[in-house]
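# Summary of the model geometry
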Amino acid sequence: MACCEPELNHQAPAAYRNVLIAVLAINLVMFAVEAAVGLFSGSRALRADALAFLGDAATYGITLWALGQSLTWRFRAARIKGFSLLLLGLLVLADSLVSLITGAAPPGVMMSGIGALALVANLTSLMLLVRYRQGDANIRSAWLCTRNDVLANISVIVAGLLVLASGSHWPDVLVAMAIAGLFCHSAVSILRQANAEQRAGQRDGPGPGGDGCGPAR
């Protein structure tokens, strides 16, 4: 593991903790903004993106908690994040399916405007986290969630423009479904890595200091 990649133990650099606190605050603010606008406008894509910010905030909070915890609890933390993302993905998918029957076209300009604001927030978070994009399942989950959210934000902006041009709610619904897919894909990736790390830890036994944690690739 490179020197810039923090281990999730008491030696994790203070800079990494500060980055997690900063991106946690960014995501909580953007969750509140997008959730309110999503409910007001009826945009499924904005609601899905708001849940992405909430999921990220939970990911950063759990990662902060996992710093200094035992190997067993770090595996549990990674699995909690993985299953939480999977649940969010299923909720977004269900909301999208309901909108196929009852949904109307949301304001395209509002969608694109809030999507652009969300993109700025996630690019800021991404720049803060880029140094720590490698590591165990807990560290990698923070990077994966933010990277996926940048893609989701761009999709929301494009969807808003398509809704504005077509007057149809389909672009909004399809983007919400795509965000649900990103949730599920990230969840599976995190759970697989956590399982692989646990198997490696059981096979190799505790390393120096009794941690038993090595880098997974």
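What counts and how
- Residues numbered from 1 in each chain as written.
- Predicted model: local features only at pLDDT ≥ 70, side-chain atom pairs only at ≥ 80, totals over all residues.
- Heavy atoms only, no water.
- Helix = DSSP H or I, 4+ residues; strand = E, 2+ residues; numbered from the N terminus.
- Contact = heavy atoms within 4.5 Å.
- Areas by Shrake-Rupley, 256 points an atom, 1.4 Å probe, with all protein chains shown as cover.
- Expected span 1.5 Å × (residues − 1).
- Buried < 20%, exposed > 50% of the residue type's maximum accessible area, 1.4 Å probe, protein only.
- pLDDT = per-residue confidence, 0-100.
- Core = buried A, V, L, I, M, F, W, Y, C linked by side-chain atoms within 4.5 Å.
- Axes fitted to C-alpha atoms, helices over the stretch in contact; angles between N-to-C directions.
- Parallel < 35°, antiparallel > 145°, perpendicular 65-115°, else oblique.
- Nonpolar A, V, L, I, M, F, W, Y, C, P; charged D, E, K, R; others polar.
- Left-handed = near helix turned anticlockwise from the far one by under 90°.

Right, let's get into the overall build of the protein. Tallying secondary structure elements over the protein gives six helices and zero strands in all. Seen in sequence order, the protein has helices and strands lined up from the N terminus as α-α-α-α-α-α. A sequence separation of at least 24 residues applies to 82% of the contacts in the protein between residues at least 6 apart. Counting every atom, the protein has about 9800 Å² of accessible surface; 69% of that belongs to carbon and sulfur.

Spanning 28 residues, helix α1 (residues 14-41) covers 40 Å between terminal C-alpha atoms, matching the ideal 40 Å at 1.5 Å per step. Within α1, burial applies to Y16, V19, L20, V23, N27, M30, E34, A35, V37, G38 and S41. Two residues or fewer after α1 comes G42, characterised by a positive phi angle close to 80 degrees.

So, on to the confidence of the model for the protein. Fine structural detail should not be taken from predicted coordinates in areas where pLDDT scores are low. Averaged over all residues, the pLDDT of the protein is 78; the fraction at 70 or higher stands at 81%. For the protein, per-element mean pLDDT is lowest for helix α3 (residues 71-102), which scores 79, and highest for helix α4 (residues 108-129), which scores 92. For residues 1-10, every residue scores under 50 in pLDDT, and the model assigns this stretch 30 contacts once sequence neighbours within four places are set aside. This stretch, residues 206-217, has a pLDDT under 50; its non-local contacts, to residues over four places away or in other chains, come to 20 contacts.

Here we come to the nonpolar core. If you look at the biggest cluster of nonpolar residues, it comprises 23 residues, and the most contacted ones within it are M111, V156, I179 and F183. At the level of secondary structure, the elements contributing two or more residues to this core comprise α2 (44-66), α3, α4, α5 (137-166) and α6 (170-204). No other element matches the seven residues that α6 contributes to this core. Apart from the residues within four sequence positions on either side, M111 is in contact with S43, A45, L46, P106, V156, A159, G160, V163 and D172. Formed by 13 residues, the second largest nonpolar core is a distinct cluster that contains V19, L67, L129 and V150.

The next thing to look at is the environment of F31. Secondary-structure assignment places F31 in helix α1. Judged by relative accessible area, which is 24%, F31 ranks as partly exposed. Through-space distance from the C-alpha of F31 to that of D56 is 9.5 Å; in sequence the pair is 25 residues apart. Setting aside its immediate chain neighbours within four residues, F31 contacts A50, F53 and L54.

With that out of the way, let us pick up the environment of W65. Among the secondary structure elements, W65 is positioned in helix α2. Along the primary structure W65 and A77 are separated by 12 residues, whereas in three dimensions their C-alpha atoms are 8.7 Å apart. Leaving out residues up to four positions away in the same chain, W65 has contacts with W73 and A77.

Here we take up the packing of α1 against α4. Between α1 and α4, the shortest axis-to-axis distance is 10 Å and the interhelical angle comes to 170 degrees. Here α1 is positioned roughly antiparallel relative to α4, judged by the angle of their axes. Contact with α1, carried on its side by V19, L20, A22, V23, I26, N27, M30, V33, E34, V37, F40 and S41, involves M110, I114, L117, A118, A121, N122, T124, S125, L128 and L129 of α4 and no other residues of that element. Here the contact of α1 with α4 is built from residues that sort into 16 nonpolar, five polar and one charged.

Relative to the elements of secondary structure, A94 occurs in helix α3. Judged by its relative accessible area of 39%, A94 is partly exposed.

Moving on to the packing of α1 against α2. Two elements in contact, α1 and α2, have axes separated by 7 Å at closest approach and are oriented at 155 degrees. The angle between α1 and α2 falls in the class roughly antiparallel. Along this stretch, α1 crosses α2, giving a crossing that reads as left-handed. The class makeup of the residues in the contact of α1 with α2 is 18 nonpolar, five polar and five charged.

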